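# Coordinate inspection notes
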Amino acid sequence: MSSGEARCAHCSAFFTCGMMAPPAGGVCWCFQLPPRTAAPTPGSGCYCRTCLEEQLRASAQPAAPAA
């Protein structure tokens, strides 16, 4: 992997993480997206843009009423 390259914890796709790319301490593209409402699983790693956006859309859906 090259500097700044990460692997998605969900789909295993490679993507560039601005936090890992030079210069150290950069800002990643994910900071441009709304924060996740569900807490990430510790140690699970980052998601690629596609998977993160999909998860954000799913979490924005209203919950189905309890039966």
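Please refer to the structure placed before this passage.
Summary of the structure given here. (Residues numbered from 1 in each chain as written. Predicted model: local features only at pLDDT ≥ 70, side-chain atom pairs only at ≥ 80, totals over all residues. Heavy atoms only, no water.)

Turning our eyes to something else, we now look at the pattern of salt bridges. Pairing is possible between side chains that carry opposite charge, provided their charged atoms lie close to one another. All chains considered together, the criterion is met by 1 salt bridge. E53 is paired through a salt bridge with R49; the nearest N and O atoms lie 3.1 Å apart. One end of the pair, E53, and the other, R49, are both in helix α1 (residues 49–60), 4 residues apart, so they sit about a helical turn from each other. What makes R49 partly exposed here is its relative accessible area of 34%. (Salt bridge = Lys/Arg side-chain N within 4 Å of Asp/Glu carboxyl O. Helix = DSSP H or I, 4+ residues; strand = E, 2+ residues; numbered from the N terminus. Buried < 20%, exposed > 50% of the residue type's maximum accessible area, 1.4 Å probe, protein only.)

Our next topic: α1. If you check α1, its first and last C-alpha atoms are 16 Å apart, about what 12 residues at 1.5 Å a residue would give, namely 16 Å. Within the span of α1, buried status applies to C51, L52 and L56. Down the axis of α1, the sector holding all buried residues measures 135°, keeping them to one side. Turned more than 90 degrees from where α1 packs its buried face, T50, R57 and A58 sit exposed. (Expected span 1.5 Å × (residues − 1). Arc of directions from axis to C-beta.)

Moving on, we get to the nonpolar core. Generally speaking, a soluble globular protein has its nonpolar side chains buried in company with each other. Counting residues in hydrophobic clusters, the biggest one holds 12 residues: A6, C8, F15, C17, C28, W29, L33, Y47, C48, C51, L52 and L56. Here this core takes 3 residues from α1, the largest share from any one element. The contacts of Y47, once residues within four sequence positions are left out, are C8, A9, H10, F15, W29, L52 and Q55. (Core = buried A, V, L, I, M, F, W, Y, C linked by side-chain atoms within 4.5 Å. Contact = heavy atoms within 4.5 Å.)

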